[in-house]
Amino acid sequence: MDHQHNPSNPGGAHGPALPLASNSVGAVSLCNCGVLTLHLSCFSVRLEPGAFQELHKLLGLALHELRIPAAARPELGASAAEAEPTISHGEALH
Ligand SMILES: [Zn+2]
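In this report, we go over the structure that sits alongside the text. What you see as residue numbers is a count from 1 along each chain, following the sequence as written. Whole-chain, interface and lining totals are the exception, using all residues; otherwise, since this is a predicted model, local features are given only for residues with pLDDT of at least 70 and side-chain atom pairs are given and counted only at 80 or more.

Some thoughts on the overall build of the protein chain
Right, on to step 1. Looking only at helices and strands, one finds one helix and four strands in the protein chain.
Right, on to step 2. In sequence order, the secondary structure elements of the protein chain are arranged as β-β-β-β-α.
Right, on to step 3. Classification of the 94 residues of the protein chain by burial places 1% in the buried group.
Right, on to step 4. The contacts in the protein chain between residues at least 6 apart in sequence include a share of 11% that link residues at least 24 apart. Helix and strand definitions follow DSSP, with helices as H or I runs of at least four residues and strands as E runs of at least two, each counted in order from the N terminus. Partly exposed residues are those whose C-beta has more than 12 but fewer than 20 other C-beta atoms within 10 Å; 20 or more makes a residue buried and 12 or fewer makes it exposed, with C-beta atoms placed from the backbone. In this description, any two residues whose backbone-derived C-beta atoms lie within 7 Å of each other are considered to be in contact.

A few points about the sheet that holds strand 3 (residues 36-40)
Right, on to step 1. Strand pairing is assigned whenever DSSP detects at least two bridges linking the two strands. The strand order 1-2-3-4 describes an open sheet built from four strands, whose pairing is antiparallel. Every other strand in the sheet has two partners, leaving strand 1 (17-22) and strand 4 (44-47) as the edge strands with one partner each. Taking the axes of each pair of neighbouring strands and ignoring which way they run, one obtains an average angle of 25° across the sheet.
Right, on to step 2. Where strand 3 and strand 4 come together, four bridges link them in antiparallel fashion. Within strand 4, the residue paired with His 39 across the bridge is Ser 44. All axes are obtained by fitting lines to C-alpha atoms, using only the stretch in contact for helices, and the reported angles, taken between N-to-C directions, cover 0 to 180 degrees.

Brief notes about the environment of Gly 15
Right, on to step 1. Structurally, the position occupied by Gly 15 is in the segment before strand 1.
Right, on to step 2. Each C-alpha atom of the pair Gly 15 and Cys 31 lies 6.5 Å from the other, and the pair is 16 residues apart in sequence.

Digging into the pairing of strand 2 (residues 26-31)
Right, on to step 1. Two strands pair when backbone bridges link them, and strand 1 and strand 2 are joined in this way by five bridges, in the antiparallel orientation. Its bridge partner lying in strand 2, Leu 18 is registered against Leu 30.
Right, on to step 2. Note: strand 2 against strand 3, five bridges, orientation antiparallel. Bridging from a neighbouring strand, Gly 26 pairs with Leu 40 of strand 3.
Right, on to step 3. Taken together, strand 2 and the strand that follows it, strand 3, pair antiparallel across an intervening segment of four residues, in which Gly 34 is found at a positive phi of about 100°.

As structure tokens, then:
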């Protein structure tokens, strides 16, 4: 496969990339040199396949951590919000 990096951009610009995936958040494309580019709304970042895999792992771990508090928060937040005003009201009345 030809490496089609633009010779007029030797500063590291990568050539035509194969789109791999995209959604409302951004897109990922694969350069023919093997480097992956993650495009987000205001910036893009180039990652080697190994680093991309680590990023995927990182996001997976973060998502896993996020699920637990996100599910527990509404109940905790509601009970905490209920408890605090009740206590302060009681104190204020005394
Ligand atoms: Zn490239």
